[in-house]
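A structural walkthrough
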Amino acid sequence: MTPRDYDLEPFWMPFTANRQFKAAPRILVSAKDMHYTAEDGRRILDSTAGLWCVNAGHCRDSIVRAIQQQAGSLDFAPTFQMGHPGPFRLAQTIAQLAPADLDHVFFANSGSEAVDTALKIALAYHRARGEGHRTRFIGRERAYHGVGFGGISVGGMTPNRKAFGAMLPGVDHLPHTYDREKIAFTRGQPDWGGHLADDLERIVALHDASNIAAVIVEPVQGSTGVVVPPKGYLEKLRAICDKHGILLIFDEVITGFGRLGKAFAAEYFNVMPDLVTFAKGVTSATVPMGGVIARKHVHDAFMQGPDGIELFHGYTYSGHPLAAAAGEATLALYHEEQLFAHAGNLAGYFEEAAHSLRGLPNVIDIRNIGLMAAIELAPRADKPGARGYEALVRCFEAGLLTRTTGDTLACSPPLIVSKAQIDEIFGTIGKVLRTIE
Ligand SMILES: Cc1ncc(COP(=O)(O)O)c(C=O)c1O
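Quick notes on the rules
- The written sequence of each chain sets the order in which its residues are numbered from 1.
- Only residues with pLDDT of at least 70 are given local features in this predicted model, and only at 80 or more are side-chain atom pairs given and counted; all residues enter the totals for whole chains, interfaces and linings.
- Note that the side-chain values use all heavy atoms of the structure and ignore hydrogens as well as water.
- Strands are treated as partners if at least two bridges between them are detected by DSSP.
- Only DSSP runs of H or I covering at least 4 residues are called helices, and only runs of E covering at least 2 are called strands; the numbering of each starts at the N terminus.
- A helix is expected to span 1.5 Å for every residue after the first.
- Two axes are fitted around each residue, one to the seven residues ending there and one to the seven starting there, and the angle between them is reported as the bend at that residue.
- Only protein chains enter the accessibility calculation, which uses a 1.4 Å probe. A residue is then buried if its area is under 20% of the maximum for its type, exposed if over 50%, and partly exposed in between.
- In this analysis, two residues are considered to be in contact whenever any of their non-hydrogen atoms come within 4.5 Å of each other.
- One speaks of a salt bridge when a side-chain nitrogen belonging to Lys or Arg is within 4 Å of a carboxyl oxygen belonging to Asp or Glu.
- For every domain, the bounds stem from an assignment made automatically or drawn from a database.
- By buried area we mean how much accessible surface two parts lose on assembly, using a 1.4 Å probe and totalling the loss over both.
- Within 3.5 Å is the distance limit for a polar contact, defined as a pair of N or O atoms, with the added protein rule that one can donate a hydrogen and the other accept it, and that residues adjacent in sequence qualify only through two side-chain atoms.
- Exposure above 30% relative accessible area and no salt bridge define the residues that can form patches, which grow by joining like charges within 9 Å and nonpolar side chains of Val, Leu, Ile, Met, Phe, Trp and Tyr within 5 Å.
- Per-residue and other accessible areas follow the Shrake-Rupley method at a 1.4 Å probe size, with only the shown protein chains counted as cover for residues.
- Each axis is a line fitted through C-alpha atoms, taken for helices only over the stretch in contact, and angles between the N-to-C directions span 0 to 180 degrees.
- Cavities and pockets are found on a 1 Å grid laid over the protein atoms alone: a cavity is a set of points where a 1.4 Å probe fits but cannot escape, a pocket is an open set with protein on both sides within 12 Å along at least five of seven lines, and a lining residue has an atom within 4 Å of such a point.
- Grid points are joined across faces, edges and corners, and a volume is the space filled by probe spheres set on the points.
- Three residue categories are used. Nonpolar comprises Ala, Val, Leu, Ile, Met, Phe, Trp, Tyr, Cys and Pro, charged comprises Asp, Glu, Lys and Arg, and polar comprises the others, including Gly.
- Here, proximity means that at least one heavy atom of the residue falls within 4 Å of the molecule or strand.
- Any angle that is under 35 degrees is reported as roughly parallel, and any over 145 degrees as roughly antiparallel; angles of 65 to 115 degrees are reported as roughly perpendicular and all others as oblique.
- Here a crossing is taken to be left-handed if its near helix is turned anticlockwise relative to the far helix by less than a right angle, and right-handed if that turn runs clockwise.

1. Remarks on the sheet that holds strand E3 (residues 43-46)
- Taking strand neighbours across the sheet as the criterion, the 4 strands line up as E1-E2-E3-E13 in an open arrangement whose pairing is mixed. Edge positions in the sheet fall to strand E1 (28-32) and strand E13 (400-401), since each of these pairs with one other strand and no more.
- In the sheet, E1 pairs with strand E2 (residues 35-38) via 4 bridges, with the strands oriented antiparallel. Following the sheet pairing, Ser-30 is matched in E2 by Thr-37.

Listed below in structure tokens is the structure:
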């Protein structure tokens, strides 16, 4: 191992358990295709596409070249009163990939910004149509929508919310759809739980529909451990939203760009939201980018007013040239290698492999859809999360990158994964689980 030319200790690394991490750091120094290289030179198989985002695999040549060329020709162009070709071209490709009339794209720089943008579009949409009283949002328990104030307000992860005060006013939460007793070891969409969408009617009755702007859900909840929507659930949300003039937002930051074997989960489930958020896979995480795709009727509502700025919202780096170039090259690669179809074709094999871990010590549930799977371990009585963390550490020592939330291991490999690598992923997890008390 070459000695580090930097010091870990004095600098604060966000979003991880700092003391735990710095006591035994896992530092990744390079990556190619399905593998990282750790600082000690070991190759680490990536079973999580980084953080659900490196869908095309690491450091793919065509994406690297596109970013390099862009950096040398146009580094930045103002987005205010100016433009450049990249985001227009990329928006067109995204609109062609997205189903139905989801055909207008607004760019941001992360999933969190995409969520804030979608919530703001929903408010401004109703106002533009003379319904400015529709200001309330409905999120869901166990949801993750990033870390902006909008995202944590509609999100449902207690640790992400509890230190941050009152957040956005006027938010209700649907119940989450996970009940282990009813759905443990389900493959794909559970039969149980569609009725939980009816809770939306209760919330509407409480506030009156005229006060509600939008419902936001992840079609498949990712960060809280792959919670797959019950059969009929998303369809029911759509129907209730339609009945009451409420916008439906799908947060597809994880499910977008092939994770379920289709470009978007909206297509996979055949349920059309009014707004879709995306990030991560749009550039295969090479350059930060996020955004919102709006249906035609949403976009058109903004174009009826007097000339001038239609939506007072945007970021310095919206549609940044490097991100746009990376996005174009990434989407071209998805197309050339037919990676969404590849993911769809492998989903059955992936499911079998994941469920082969049933019966191993402490495994209390396995759930999956597309190329997403969760293996839930029983928590230790005295220390929730400890068993999951130990599994993560041991997998890493055995050459496998996994991800844990609490005691749940989540797998979501790059879409270029092979059957042999799927065997290796679940084979390694199986071996590790046999060694953990
Ligand atoms: C569904 C969902 N929304 C939003 C986000 C936030 O994205 P970012 O971390 O890019 O802000 C995430 C991140 O994992 C996510 O899974």
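2. Some points on helix H14 (residues 339-355)
- Counted at 1.5 Å a residue, the expected span for H14 with its 17 residues is 24 Å, and the 23 Å between its end C-alpha atoms agrees.
- Of all the bends in H14, the largest measures some 40° and sits at Ala-347.
- When H14 is considered as a whole, its buried residues turn out to be Leu-339, Phe-340, Ala-343, Leu-346, Ala-347, Phe-350, Glu-351, Ala-353, Ala-354 and His-355.
- Contacts made by the buried residues of H14 are with helix H4 (85-97), helix H13 (321-336), strand E11 (363-369), strand E12 (372-377), strand E15 (408-411) and helix H16 (419-435).

3. Observations regarding the pattern of salt bridges
- Per the counting criterion, the structure on display carries 25 salt bridges.
- With a shortest N-O distance of 2.6 Å, Asp-191 and Lys-231 are connected by a salt bridge. You can see Asp-191 sitting in the loop between helix H8 (180-183) and helix H9 (199-207) and its partner Lys-231 sitting in the loop between strand E7 (212-217) and helix H10 (233-244), a full 40 residues away along the chain.
- The exposure class of Asp-191 is exposed, given its relative accessible area of 65%.
- Of the charged contacts, one joins Arg-238 and Asp-274 as a salt bridge, the two residues approaching to 3.0 Å between their closest N and O atoms. Residue Arg-238 is found in helix H10, and its partner Asp-274 is found in the loop between helix H11 (265-269) and strand E9 (275-278); the two are separated by 36 residues along the sequence.
- Overlapping salt bridges, with partners in common, bring together Arg-180, Asp-365, Arg-367 and Glu-376 in one network.

4. Concerning the domain arrangement of the protein
- What the domain assignment lists for the protein is domain 1 (18-59 + 338-433) and domain 2 (65-336).
- Relative to domain 2, the C-alpha centre of domain 1 lies at a distance of 26 Å.
- Across the contact, 38 residues belong to domain 1 and 38 residues belong to domain 2.
- Contact between domain 1 and domain 2 buries roughly 3,100 Å² in total, counting both sides, with carbon and sulfur atoms accounting for 58%.
- At the junction of domain 1 and domain 2, the tally comes to 3 salt bridges.
- Between Glu-376 and Arg-180 there is a salt bridge, with the nearest N and O atoms lying 3.0 Å from each other.
- At the boundary of domain 1 with domain 2, the tally comes to 19 residue pairs in polar contact (both at pLDDT 80 or more).

5. Comments concerning a nonpolar patch on the surface
- On the surface, Phe-80, Ile-309 and Phe-312 cluster together into a nonpolar patch covering about 380 Å² of accessible area.
- Within the secondary structure, Phe-80 is located in the loop between helix H3 (61-73) and H4.

6. Some thoughts on the sheet that holds strand E5 (residues 136-140)
- Strand order across the open sheet formed by 7 strands is E4-E10-E9-E8-E7-E5-E6, with mixed pairing between neighbours. Each edge of the open sheet carries a strand with a single partner, namely strand E4 (102-108) and strand E6 (171-174). Across the sheet, the axes of successive neighbouring strands diverge by a mean angle of 20°, strand direction being ignored.
- With 6 bridges connecting them, E4 and strand E10 (residues 290-295) associate as antiparallel partners.

7. Overview of the side chain of Thr-177
- Structurally, the position occupied by Thr-177 is in the loop between E6 and H8.
- Not counting residues up to four positions away in its chain, the partners in contact with Thr-177 are Arg-140, Ile-183, Trp-192, Leu-196, Val-227, Val-228, Pro-230 and Tyr-233.

8. Some details on the layout of surface pockets
- Size it by volume and the second largest pocket reaches roughly 980 Å³.
- If you list the elements that add at least two residues to the lining of the second largest pocket, you get H4, E4, E10 and helix H12 (296-301).
- Considering every element that reaches the lining of the second largest pocket, the biggest residue donor is E4, with 5 residues.
- Of the residues contributing to the lining of the second largest pocket, the split by class is 18 nonpolar, 12 polar and 2 charged.

9. A word on the site of the ligand
- Within the structure, the ligand sits among Ser-110, Gly-111, Ser-112, Tyr-144, His-145, Gly-146, Glu-218, Ser-223, Asp-251, Val-253, Ile-254 and Lys-280.
- Gly-111 has a polar backbone atom sitting 2.8 Å from an oxygen atom of the ligand.
- Asp-251 places a side-chain nitrogen or oxygen 2.7 Å from a nitrogen atom of the ligand.
- Surface burial for the ligand is 84%, taken as the share of its 390 Å² of free accessible area covered by protein chains.

10. Here we look at the packing of H3 against H13
- At a closest axis distance of 8 Å, the pairing of H3 and H13 adopts a crossing angle of 155°. Judged on the interaxial angle alone, H13 and H3 are roughly antiparallel. In this structure, H3 meets H13 at a crossing whose hand is right-handed. Residues Ser-62, Ile-63, Ala-66, Ile-67, Gln-70 and Ala-71 of H3 form the contact with H13, whose participating residues are Pro-321, Leu-322, Ala-325, Ala-326, Ala-329, Thr-330 and Leu-333.
- Residues of the contact of H3 with H13, tallied by class, amount to 10 nonpolar, 3 polar and no charged.

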